[in-house]
Amino acid sequence: MTRFLVVLTDVRPVEGIERNERTAPERRRRVVGASSREAADRIAGAFMALGVVRAGRQRVKVIAVGRRHARD
């Protein structure tokens, strides 16, 4: 079963900071788990309505985790 994480992060400044999420991820503010894509999209929509996201100081990411692989 594929699960989803909805992550609210701070937007980092552009000057002098490496922009690689694997080596220097943005600071997380909130992390919420969801069991379906539809639920994750609803949560993400609620986060996107926040003033700090609309102002561009924070961003919302939906990440799929635990994907099932197709069986042969």
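Everything numeric here is computed off the predicted structure, so don't read it as measured data.

Caption draft 1: Local environment of the overall build of the protein chain. Of regular secondary structure, the protein chain possesses two helices and three strands. The secondary structure elements of the protein chain, listed N-terminal to C-terminal, are β-β-α-α-β. Burial statistics for the protein chain: of 72 residues in total, 19% are counted as buried. Taking as baseline every contact in the protein chain between residues at least 6 positions apart, the subset at least 24 positions apart corresponds to 65%. Element-wise, carbon and sulfur atoms account for 50% of the exposed surface of the protein chain, whose accessible area totals about 5600 Å².

Caption draft 2: Main features of helix 1 (residues 37-48). Compared with the 16 Å implied by 1.5 Å per residue over twelve residues, the 16 Å span of helix 1 between its first and last C-alpha is a close match. Among all positions of helix 1, only Ala40, Ala44 and Phe47 are buried. Buried positions in helix 1, seen along its axis, are confined to an arc of 55° and lie on one side of it. Structural note: helix 1 exposes Glu38 and Arg42 on the side pointing more than 90 degrees away from its buried face.

Caption draft 3: Focus on the pattern of salt bridges. Within this structure, the stated rule accounts for five salt bridges. If you follow the salt bridges from partner to partner, you end up with Asp10, Arg27 and Arg29 in one network.

Caption draft 4: Highlighting the environment of Gly33. Tracing the backbone through its elements, the reader meets Gly33 in strand 2 (residues 28-34). In this structure Gly33 comes out as partly exposed when scored by relative accessible area, which is 39%. Distance in space between the C-alpha atoms of Gly33 and Ile63 is 9.6 Å, their sequence separation being 30 residues. For Gly33, the residues in contact, after removing those within four places along its chain, are Arg3, Phe4, Leu5 and Ile43.

Parameters at a glance
Residues numbered from 1 in each chain as written. Predicted model: local features only at pLDDT ≥ 70, side-chain atom pairs only at ≥ 80, totals over all residues. Heavy atoms only, no water. Helix = DSSP H or I, 4+ residues; strand = E, 2+ residues; numbered from the N terminus. Buried < 20%, exposed > 50% of the residue type's maximum accessible area, 1.4 Å probe, protein only. Contact = heavy atoms within 4.5 Å. Areas by Shrake-Rupley, 256 points an atom, 1.4 Å probe, with all protein chains shown as cover. Expected span 1.5 Å × (residues − 1). Arc of directions from axis to C-beta. Salt bridge = Lys/Arg side-chain N within 4 Å of Asp/Glu carboxyl O.

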